[in-house]
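# Coordinate inspection notes
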Amino acid sequence: MAGLHLNDIDKQFGSVTAVRDVELQIPHGRFVCFLGPSGCGKTTLLRLIAGLERPTRGRILLEERDITAEPAHRRNFGMVFQSLALFPHLSVGDNVAYSLRIRKADPAARRRRVDELLELVRLPGYAGRHVSQLSGGQRQRVAIARALAIEPRLFLLDEPLSALDAKLREDMQLELRLLQQRLGVTTILVTHDQREAMTMSDLIVVMGTDNRVHQMGTPLEIYRNPADTFVADFIGTSNLLKAVSRGPGTFEVAGRPIAVEAAPAGLAPGGEATLSVRPEDISVVPGPREGGNTLQGTVTFVRDVGSSVEIYLDCGGVQIVSQSTPKSRPAVRQGDVATALLPPAACVVLTS
Ligand code: ATP
């Protein structure tokens, strides 16, 4: 399959393994986010792709060509890092034209390209401005224009929006996404912000504290079908319930039978698993209720933030949180006996 192929990559710095057993196939033209907690190896993986580091083991292939040993400047990739490093003594236009000048592009063509790029990042007419006269968001856009000047085969961004305030950051996320869609350039963005990853990506690569890739999938796949408890816990909020298999499609949680729609093959009766259930999939009804897929408990807390209501239940030592809209708010208060209903389709069985 064409695109970028990270083939069995390890990267060690002395005794520290920054990236372990990475096998990824990133299709051409997609917007991909590397997402994970601090220290999980996101930046290292991006630097390996950029050619700024060499893998200790494994190969990197672009459109089936091995580029593992190719130096960074030959890869023709555009890069934007958190520390922007625009040249402060140069104008906006000269910053954007920098790599074109190095490549000895003809001055007229260079000017045309700079105008085109500034148009693209919505800074038309800014070529003569000094970098110091720009806002944070405008500087980011100049950095993006500069990285795109060479028409990169890959566009690599390492937390480029993290220094911006929340509103500007959301605007830039949208702008960057629309720009990428217009250009169709394969783009990889490193972030530890899951909302950013969910908003922008075609595909998310979730990395864990063990410096491995835990899952790659669309934002919805990762949210609805997490591969393991780490992903379920890291992406959004999830109820992770200890469960014991009681036969095909049936589990026991806190002594109650819970049916699931899909269970992994090979889990024998008595086998342990975790059920991941999103709070918005759980409904709470007042009072006790018998029957399958119910957990009875006491309401320990009600959090009403206006747009949504969260009900916390203690079900015999198992903590449950459910989320509902104000319209479907259950009529329960702190201290009430209530029952949580867990739909079989919403219970994702995890064995690791
Ligand atoms: P953050 O979100 O905090 O930037 P990250 O997921 O990008 O983290 P990396 O910067 O890739 O993580 O680091 C992964 C691991 O490798 C960390 O334990 C880090 O300390 C280590 N590491 C990274 N670069 C080097 C280096 N040049 N020398 C030694 N160790 C390094």
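Look up a bit, the structure's there.
Our subject in this report is the structure included herewith. All residue numbers refer to positions counted from 1 along the written sequence of the respective chain. A pLDDT threshold of at least 70 governs which residues receive local features in this predicted model, and a stricter bar of 80 or more applies before side-chain atom pairs are shown or counted, although totals over entire chains, interfaces and linings include all residues. Side-chain figures throughout are based on the complete set of non-hydrogen atoms in the structure, without hydrogens or water.

### Here we look at the overall build of the protein chain
Check the secondary structure of the protein chain and you find nine helices and 20 strands. Oriented by its inertia axes, the alpha-carbon framework of the protein chain measures out at about 80 × 45 × 35 Å. Sorting the 352 residues of the protein chain into buried and exposed places 50% on the buried side. The contact rule is simple, with two residues in contact once any of their heavy atoms fall within 4.5 Å. In the protein chain, 67% of the contacts between residues at least 6 apart in sequence involve partners at least 24 apart. Counting rule for charge: Lys and Arg are taken as positive, Asp and Glu as negative, and neither His nor the chain ends is counted. In plain terms, the charge of a residue is placed at NZ if it is Lys, CZ if Arg, CG if Asp and CD if Glu. Between the averaged position of the 40 positive side-chain charges in the protein chain and that of its 38 negative side-chain charges there is a distance of 6 Å. By definition, any uninterrupted DSSP run of H or I lasting at least four residues is a helix, any uninterrupted run of E lasting at least two residues is a strand, and each is numbered from the N terminus. Residue burial is assigned from relative accessible area. The probe radius is 1.4 Å, only protein chains are included, and a residue is buried under 20% of its type maximum, exposed over 50%, and partly exposed in between.

### Focus on the pairing of strand 8 (residues 186–191)
Extensive coverage of strand 8 is indicated by the burial of six of its six residues. Of the two faces of strand 8, the one carrying Thr-186, Ile-188 and Val-190 and the one carrying Thr-187, Leu-189 and Thr-191 are both buried. Sheet topology note: the strand 3 (residues 31–35)/strand 8 ladder contains five bridges and is parallel. When the bridges of strand 8 are listed, Leu-35 appears paired with Thr-191. Here a strand pair is declared whenever DSSP counts at least two bridges between the two strands. When strand 7 (residues 154–158) meets strand 8, the two strands line up parallel, connected through five bridges. Across the sheet, the residue bridging to Leu-154 is Thr-186, located in strand 8.

### A word on the site of the ligand
Near the ligand, the surroundings consist of Phe-13, Val-16, Ala-18, Pro-37, Ser-38, Gly-39, Cys-40, Gly-41, Lys-42, Thr-43 and Thr-44. Between an oxygen atom of the ligand and a main-chain N or O atom of Cys-40, the distance comes to 3.1 Å. Within the side chain of Thr-43, a nitrogen or oxygen atom sits 2.8 Å from an oxygen atom of the ligand. A total of 630 Å² of accessible area belongs to the ligand in isolation, and the protein chains cover 58% of it. Of all elements in the fold, only strand 2 (16–26) and helix 1 (42–50) reach the threshold of two or more residues within the shell around the ligand. No other element matches helix 1, which puts three residues into the shell around the ligand. Lys, Arg, Asp and Glu make up the charged group, whereas Ala, Val, Leu, Ile, Met, Phe, Trp, Tyr, Cys and Pro make up the nonpolar group; the residues left over, Gly among them, are polar. Looking at the shell around the ligand residue by residue, the class counts come to five nonpolar, five polar and one charged. Only heavy atoms are used to decide nearness, and a residue is near a molecule or strand if one of them lies within 4 Å of it. Under this definition, polar contacts are N or O atom pairs within 3.5 Å; protein pairs additionally need one hydrogen-donor-capable and one acceptor-capable atom, and for neighbouring residues in sequence, both atoms have to be side-chain atoms. For every accessible area listed, the method is Shrake-Rupley and the probe measures 1.4 Å; residues are considered covered only by the protein chains on display.

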